[in-house]
2 protein chains.
Amino acid sequence: MKSTIQTFAATVLKRDRLERVFPVLSWGRSYDAAQFTGDATAAVIVTIMLIPQSLAYALLAGLPAEVGLYASILPLVFYAIFGTSRALAVGPVAVVSLMTASALAPLQLSSIAEYTAAAAILAMLSGLMLVVMGVLRLGVVANFLSHPVIAGFITASGLLIATSQLKHILGVPAHGHTLPEILVSLWHEIGSANLATVAVGVIALAFLFWVRKGMAAFLVRRFGMSQKLAGTLGRIGPVFAVIGTTIGAWVLDLPGAGVAVVGAVPTGLPPLGVPTLDTSMMLALAGPAALISIIGYVESVSVAQTLAAKKRQRITPNQELIALGASNLSSAFSGGYPVTGGFARSVVNYDAGAETPAAGAFTAIGLLLAAMFLTPLLFFLPKATLAATIIVAVLSLVDLTILWRSWSYSRADFAAVSITILLTLLVGVEIGVATGVLVSLALFVWKTSRPHVAEVGQVPGSQHFRNIHRHKVITDPAVVTLRIDESLYFANARQMEDLILARVHRNRTEIKHVILMCSAVNEIDLSALESLEAINQRLTDMGVTMHLSEVKGPVMDRLRCSHFLDELSGKVFLSQYEAFETLRRSEDNKDSLAAE
Amino acid sequence: MKSTIQTFAATVLKRDRLERVFPVLSWGRSYDAAQFTGDATAAVIVTIMLIPQSLAYALLAGLPAEVGLYASILPLVFYAIFGTSRALAVGPVAVVSLMTASALAPLQLSSIAEYTAAAAILAMLSGLMLVVMGVLRLGVVANFLSHPVIAGFITASGLLIATSQLKHILGVPAHGHTLPEILVSLWHEIGSANLATVAVGVIALAFLFWVRKGMAAFLVRRFGMSQKLAGTLGRIGPVFAVIGTTIGAWVLDLPGAGVAVVGAVPTGLPPLGVPTLDTSMMLALAGPAALISIIGYVESVSVAQTLAAKKRQRITPNQELIALGASNLSSAFSGGYPVTGGFARSVVNYDAGAETPAAGAFTAIGLLLAAMFLTPLLFFLPKATLAATIIVAVLSLVDLTILWRSWSYSRADFAAVSITILLTLLVGVEIGVATGVLVSLALFVWKTSRPHVAEVGQVPGSQHFRNIHRHKVITDPAVVTLRIDESLYFANARQMEDLILARVHRNRTEIKHVILMCSAVNEIDLSALESLEAINQRLTDMGVTMHLSEVKGPVMDRLRCSHFLDELSGKVFLSQYEAFETLRRSEDNKDSLAAE
């Protein structure tokens, strides 16, 4: 009997742990027909949307178009096994494709085969890093990317990507990885623009903007279509542009008129195999791979969290690291390049009724079929059309309002945003985001090193104490209370010393007691402890007693490890009210004694 | 009449500003005979003490002995003009000499003349940096060197210096700038130690230790000497060792027995002139110069502040930067090397009765006379004696108790101390101190990124709220108060979201109100604002109202710049007590209404 219970408990525990590693086990066990219908419908729509997107993003990364398809097959299956989000759709995305191009450019590889192999190595490194971070539960590292830095980086990347695609719309060669380089390069080439290409590009752009802005309303108004169906058609709009311009290019023989087309794309299964491991290349790509991992993770998790919240579900950030890592490893081993969860496709997946990660696996089947049978149809697809789909997609990422929103809220946040945007545009994506993170950390440390200290008094009729300059409060000339608005640590300890002693100097004859109100002090480090000892000593020399009030539990535990409490000339009071009342009364007593 | 007042006011203002730049004007105007006597006495004692010290530290820096004398003349005069401390004695010091040696070693200069020129460039760069920092009022930068990092660095430097001097005691060549290098080098050479040199070194060491530990008591006990005089004799003890061993070496012809002596030191004024400016060398020395500047400044200011506090005087840290900068520039232009305020000599200066910085100028005259007339007498001074004075001096800097003091207080401080000590000993002084600073900053950021959140309740009979797990408090199941013990910023915003939502999830049916008590929140940045908006939104979805209490003035000002307060489902209460009372009463009312 007992052993049966033990076995059962062991099984449950084991199953629980297994389910944590393979979330597929938890939703897979109760998978039903209704869920299948939802997932299958979503998969069809996402497949249609992903075909042009995956080709376009591969070209943006400087890779052959089919690499985009390969990166949209196995990664989706592996995310379905390991992922915790029920709506996230992984695959090639714009920002990571740009970062891939930027990472591979300095390697100066001569052949496209070498370039493709390097992209696979990048995906492998990124996958390994993500898995290791997940196993070590280092998802918190992503928190060091502040919202302003992410917003600035995404906006600048969107601008860079859109600009870089103009060459395909103009049908001219252009190069460069920074905004000035690209613009100068385009300026030099603009004279040799191909008019047929420009026509295709402009028509595709106009159509896609209309699809995005006006089509849904038009379909509802004109054909009485349901809002939802019209919305979905709007999402897969790029497919119509692809089909239309491909047929147009074939019928009108546009390649003869100088319009670049995708051309022959190999047909067949993705090439399975381990990338060739070159140590020096791996070292060169390690830094970019780390940035791609973190940026990709942050983007993916924020999409996943947004969608999960809508259905009151929760995702597990550290498990997401493992899932994205597995996706990237599988991408590396099947001829792909770095992937992550994409915003637009995840929203489409969610809206189209995806119920479980199985929708991703079904999408993978769709793309596998596309890679095996559909690629010959893509021969006449103009590159200008793909560029137009990218431009329309990334312009929705550009949000320059973050500049004034951060300006009106805080100069530090504005500095982080603007430095990230400027450096990303002018120097490069890696420098841009890395500097953004360092600047925001430096500004935080700088702010905490210049602490705010408020002199407080009692709010009449309450036991509450507030700033004497902001509120009408009761004070006592003999008892000064200073509220320290910062954790005390080495960078601000000495200034705190100066501030407190300067305040006491100002009314040195009247002041008998100084209370340091520590409600906002979350830590006191060793440097600050020494400063407090020095303050205590100097105040004692001046005949002033020093007290503390509202010291928090964890801080008090720490102080008890030192001799400070023995040396403190005054007392530690639980509440500021108690401190003020006690000391004021003791002063009153002295005065009345003196009066007698 | 009016114009007279204006002229007078202008004069006063101008004088005030002039005095701030040239503090000599403020004390010089009232200089009197009593002050002169004090200053002159102190100057004589400090001169006697500085002669061997300045020679020894120059040798420690790898420079000719006379460079130490040159660095003790003009720098003292310039400090007297610009400095704000009345007791600080500047000149060559042990740690900065070690840092100079460490900065110049990688340049691999072939001749001693080039080496001396490079040391002057180092002093010039350091002087420029200090002046610029002073003008820009960047003295606060020094606050980023935490006490544990400084203590660890000084201790490790003391150990390194003492070890590096053993070669002079043994009379063997040895090289290296890290502890393992020096020890290995000594180990290989120990077989060829010169016995006569060892004898001089050991006698000098034994004498100097006795001078430091037992002589004062002996003189008082045996000769009834006053404590003060005995103390001063103890401080200038090294001079007796210098005189004794020099005479011994001359009489016994110790150079003939293989004892290294100082030899011919050029006689005359310090060589005035601008150092040859070599751009590549200046670039190579910029980093070390910055570290020397900051370390020198921190050491000097802490000595100056300690001595000023004893006489209730104050120093001006930013003016000290300018004064030290001027000292270093003058050192560079007169054949010297980097200098700063030294602890031991400043204490001697203070104890011997120095009243004003004029004592420093008088000391400079003493050393000038020494450089002009005394150097021939130094021919037979054994280098082992100088090494012994250095060893005894620096061992007083070594304080390994900082290791267990920091361990018992906080693991983060211990990590900073031990990393600084280890890297300084094993890799080098620059890496050691730079890593120490970075590690302490990283640990601080890491701590603030993992905030403490306490659930609080009302302390019975008061309006004070404390942690429910530490105190016996009154709570209400419908009103949960969470006190956030950290400023809210990007690195902890997302975790805060998780913590708060997880807490509400636990009792989701009972909880009607969540109060975030913000008494310890000193800042809310844009990322954290977005997290608060998300928390507010999700709590609203769950039917829970969110309130804030005790938001500080500066934080409230910031929130008013955003839409958050309009969107907040609940209210912002001035005090936590008011919030708790109001919400609890409203819940009681609802219950009683429901009961009716």
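As the structure is a computational prediction, the values presented were derived from the model and not from experiment.

Conventions used here
- Residues numbered from 1 in each chain as written.
- Chains lettered and ligands numbered in written order.
- Predicted model: local features only at pLDDT ≥ 70, side-chain atom pairs only at ≥ 80, totals over all residues.
- Helix = DSSP H or I, 4+ residues; strand = E, 2+ residues; numbered from the N terminus.
- Rg over C-alpha atoms; globule rule 2.2 N^0.38 Å.
- Buried ≥ 20, exposed ≤ 12 C-beta atoms within 10 Å, placed from the backbone.
- Contact = placed C-beta atoms within 7 Å.
- Axes fitted to C-alpha atoms, helices over the stretch in contact; angles between N-to-C directions.
- Parallel < 35°, antiparallel > 145°, perpendicular 65-115°, else oblique.
- Left-handed = near helix turned anticlockwise from the far one by under 90°.
- Nonpolar A, V, L, I, M, F, W, Y, C, P; charged D, E, K, R; others polar.
- Domains from an automatic or database assignment.
- Core = buried A, V, L, I, M, F, W, Y, C linked by C-beta atoms within 7 Å.
- Least-squares fit on C-alpha atoms with pLDDT ≥ 70 in both.
- Pairing = 2+ DSSP bridges.
- Right-handed = clockwise from strand over helix to strand, strands pointing away.
- pLDDT = per-residue confidence, 0-100.

**Topic: the overall build of chain A**
Thinking step 1. Across its full length, chain A holds 25 helices and eight strands.
Thinking step 2. In terms of overall dimensions, chain A is more spread out than a globule: its C-alpha atoms have a radius of gyration of 31 Å, far above the 25 Å expected for 596 residues.
Thinking step 3. With respect to the principal axes defined by its C-alpha atoms, chain A has extents near 110 × 80 × 60 Å.
Thinking step 4. A total of 596 residues make up chain A; the buried ones form 52% of that total.
Thinking step 5. A separation of at least 24 residues holds for 81% of the contacts in chain A among residues at least 6 apart in sequence.

**Quick notes on the packing of helix α6 (residues 94-104) of chain B against helix α8 (residues 147-170) of chain B**
Residue and element names in this part refer to chain B.
Thinking step 1. For the pair α6 and α8, the least separation of the axes is 10 Å and the interaxial angle reads 70 degrees. Classified by the angle between their axes, α6 and α8 sit roughly perpendicular to one another. Of the two elements, α6 crosses α8, and the hand of that crossing is left-handed. Between α6 and α8, the residues in contact are A94, V95 and L98 and I154, S157, L160 and I161, respectively.
Thinking step 2. Classifying every residue of the contact of α6 with α8 gives six nonpolar, one polar and no charged.

**A short note on the domain arrangement of chain A**
All names here are of chain A.
Thinking step 1. Assigned domains of chain A: these are domain 1 (1-30), domain 2 (31-273 + 287-422) and domain 3 (452-595).
Thinking step 2. Centre-to-centre, using C-alpha coordinates, domain 1 lies 38 Å away from domain 2.
Thinking step 3. Every contact between the two is made by six residues of domain 1 and, on the other side, ten residues of domain 2.
Thinking step 4. Its residues placed into classes, the side of domain 1 that touches domain 2 shows four nonpolar, two polar and no charged.

**With respect to the nonpolar core**
Thinking step 1. The biggest cluster of nonpolar side chains holds 363 residues, and the ones touching the most others in it are A119(A), L122(A), A119(B) and L122(B).
Thinking step 2. In contact with L122(A), other than residues within four places in its own chain, are T100(A), A103(A), L285(A), P288(A), A289(A), I292(A), Y337(A) and P338(A).

**Re the relation of the copies chain B and chain A**
Thinking step 1. Structural alignment of chain B on chain A gives an RMSD of 0.1 Å, achieved by rotating through 179 degrees and translating 0.0 Å along the axis. Both copies of the chain, as the preceding transformation shows, are related through a two-fold rotation axis. The C-alpha atom lying nearest the rotation axis in chain B is that of A520(B); the distance is 1.8 Å.
Thinking step 2. Of the residues that chain B buries at the interface, 98% are likewise interface residues in chain A, meaning the two copies contact each other through the same surface.

**Here's the deal with the pairing of strand β6 (residues 513-517) of chain A**
All names here are of chain A.
Thinking step 1. Counted residue by residue, β6 has five buried out of five residues, so it is predominantly covered.
Thinking step 2. Residues H513, I515 and M517 of β6 are buried on one face, and the alternating residues V514 and L516, pointing to the opposite face, are buried as well.
Thinking step 3. Alignment of strand β5 (residues 479-485) against β6, held across five bridges, turns out to be parallel. Across the sheet, residue V480 finds its bridge partner in β6, namely V514.
Thinking step 4. Crossover connection from β5 via helix α21 (residues 490-506) to parallel β6: handedness right-handed.
Thinking step 5. Running through helix α22 (residues 526-541), the crossover from β6 to the neighbouring parallel element strand β7 (residues 545-549) is right-handed.

**Here's the deal with the confidence of the model for chain A**
Thinking step 1. Residues at a pLDDT of 70 or more form 96% of chain A, whose mean pLDDT is 87.
Thinking step 2. Ignoring residues within four places in sequence, the model shows residues 592-596 of chain A, a span with pLDDT below 50, making zero contacts including any to other chains.

**Structural notes on the sheet that holds β7(A)**
Residues and elements named next belong to chain A.
Thinking step 1. Judged by pairing direction, the sheet is mixed, and its six strands sit side by side in the order β4-β3-β5-β6-β7-β8 without closing on themselves. In this open sheet, the two strands that pair with only one neighbour each are β4 (465-467) and β8 (572-573).
Thinking step 2. One ladder, built from five bridges, connects β6 with β7; its direction is parallel. Looking across to β7, one finds that I515 is bridged to H547.

**Re the interface of chain B and chain A**
Thinking step 1. Taken together, the contact between chain B and chain A spans 52 residues of the former and 51 residues of the latter.
Thinking step 2. Looking at the side of chain B that touches chain A, the elements that each hand over two or more residues are α8, α18 (401-409), α19 (411-426), α20 (429-448), α21 (490-506), α22 (526-541) and α23 (553-560) of chain B.

**A short note on the sheet that holds strand β3 (residues 452-458) of chain B**
Residues and elements named next belong to chain B.
Thinking step 1. The strand order across the open sheet formed by six strands is β4-β3-β5-β6-β7-β8, and the pairing between neighbours is mixed. What marks the edges here is a single partner per strand, and that holds for β4 (465-467) and β8 (572-573).
Thinking step 2. Sheet topology places β3 next to strand β5 (residues 479-485); five bridges connect them, and they run antiparallel. Residue E455 lies in a different strand from β5, and its bridge partner there is L482.
Thinking step 3. The strands that α21 touches are β3, β5 and β6 (513-517); relative to β5, the one it contacts most, it runs at about 160 degrees.

**Regarding the pairing of strand β7 (residues 545-549) of chain B**
All names here are of chain B.
Thinking step 1. The buried fraction of β7 is high, at four of five residues.
Thinking step 2. Note: β7 against β8, two bridges, orientation parallel. Looking at β8, one finds that L548 is bridged to V572.

**A short note on the environment of L55(A)**
Residues and elements named next belong to chain A.
Thinking step 1. With respect to the secondary-structure elements, L55 resides in helix α3 (residues 33-60).
Thinking step 2. Measuring from C-alpha to C-alpha, the distance between L55 and A113 comes to 17 Å, with 58 residues separating the pair along the chain.
Thinking step 3. Residues in contact with L55, not counting those within four places in the same chain, are A65, G68, L69, V262 and L386.

**What about unusual backbone geometry?**
Thinking step 1. Positive phi outside glycine occurs at E550(A), with the angle close to 55 degrees.
Thinking step 2. Assignment of secondary structure puts E550(A) in the loop between β7 and α23 (553-560).
Thinking step 3. For E550(A), a count of 26 C-beta atoms within 10 Å translates into the label buried.
Thinking step 4. You will see that R137(B), though not glycine, has its phi angle at about 55 degrees, which is positive.
Thinking step 5. Structurally, R137(B) is set in the loop between α7 (112-135) and α8.

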